[in-house]
Amino acid sequence: MNARTLIALLVGCLIALTACDREAYMSQQGFRLPDGDAEAGRKAFVYLQCHECHTVAGDDLPEIAGAPQPYVELGGKVASVKTYGDLVTSIINPSHRLATRYAEQVVADDGESKMHVYNSYMTVQQLVDIVMYLQPTYDVQAPEYHYRIYPLS
Ligand code: HEC
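Residues numbered from 1 in each chain as written. Predicted model: local features only at pLDDT ≥ 70, side-chain atom pairs only at ≥ 80, totals over all residues. Heavy atoms only, no water.

Describing unusual backbone geometry
Non-glycine residue glutamine 49 carries a positive phi angle of around 60 degrees. Note that glutamine 49 resides in the loop between helix 2 (38-47) and strand 1 (54-56). Overall, the relative accessible area of 39% leaves glutamine 49 in the partly exposed class. Despite not being glycine, aspartate 110 has its phi angle at roughly 50 degrees, a positive value. Looking at where aspartate 110 falls in the secondary structure, it is placed in the loop between strand 4 (108-109) and strand 5 (112-113). (Helix = DSSP H or I, 4+ residues; strand = E, 2+ residues; numbered from the N terminus. Buried < 20%, exposed > 50% of the residue type's maximum accessible area, 1.4 Å probe, protein only.)

So this is what it looks like as structure tokens:
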């Protein structure tokens, strides 16, 4: 093998390695939203009338005259972190995973979420702001474990 082939091989390996690294990096990082503004998010939430169906833990949202009571709470105690990936998915693809706190027939018809799909009229900025508004309203509680010590015999 001459020097040129060796160099070409080394360069090839390097490129391959960098590509692998980059892929691993991207999949670990998932995706990153630009920072939103929680206050604008609350406004967008009310503007889009999300509170027709949702209450938000710790926030007193205005009532919509004539609408039935909202029936799905957002925020509050959850067993695991709601990442912004989870929240974005819940908003842009509501049927992907239904909220787990309710019986399916309460929140879905034939497995399809009762939530509207807003994708053709919600702006990305509104989405980012709404996620910023909602995320801190979730309160992650570690599940309680009951340890039982068995006598050794
Ligand atoms: C017509 C009623 C309705 C409206 C309006 C509505 N949603 Fe929903 N939403 C639901 C229902 C029902 C669920 C539970 C089923 C599911 O997970 O899709 C839900 C679930 C969610 C969840 C996931 C909750 C969880 O615990 O997994 C988020 C986040 C959410 N909605 C955000 C929004 C936002 C933001 C808006 C306004 C842009 C909105 N919703 C408007 C009915 C609605």
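Alright, that's what it looks like, and here's the rest.
Structural notes on the pattern of salt bridges
Scanning the entire structure with this criterion turns up three salt bridges. For the salt bridge of arginine 32 with aspartate 35, the shortest nitrogen-to-oxygen distance reads 3.4 Å. You can call aspartate 35 exposed: its relative accessible area is 58%. As a salt-bridge pair, aspartate 59 and arginine 42 come within 2.8 Å of each other at their nearest N and O atoms. Residue aspartate 59 is located in the loop between strand 1 and strand 2 (72-74), and its partner arginine 42 is located in helix 2; the two are separated by 17 residues in the primary sequence. Since its relative accessible area comes to 29%, arginine 42 is described here as partly exposed. (Salt bridge = Lys/Arg side-chain N within 4 Å of Asp/Glu carboxyl O.)

Quick look at the site of the ligand
Taken together, 24 residues sit near the ligand, with Cys50, Cys53, His54, Ala99 and Met115 positioned nearest. Serine 113 places a polar side-chain atom, nitrogen or oxygen, 2.7 Å from an oxygen atom of the ligand. Those elements that place two or more of their residues in the shell around the ligand are strand 2 and helix 3 (84-92). Of all the elements, helix 3 adds the most residues to the shell around the ligand, at three residues. Of the residues that constitute the shell around the ligand, the class distribution is 16 nonpolar, five polar and three charged. (Near = heavy atom within 4 Å. Polar contact = N/O pair within 3.5 Å; in protein donor to acceptor, adjacent residues only side chain to side chain. Nonpolar A, V, L, I, M, F, W, Y, C, P; charged D, E, K, R; others polar.)

Any functional reading would require information that these geometric values do not contain.
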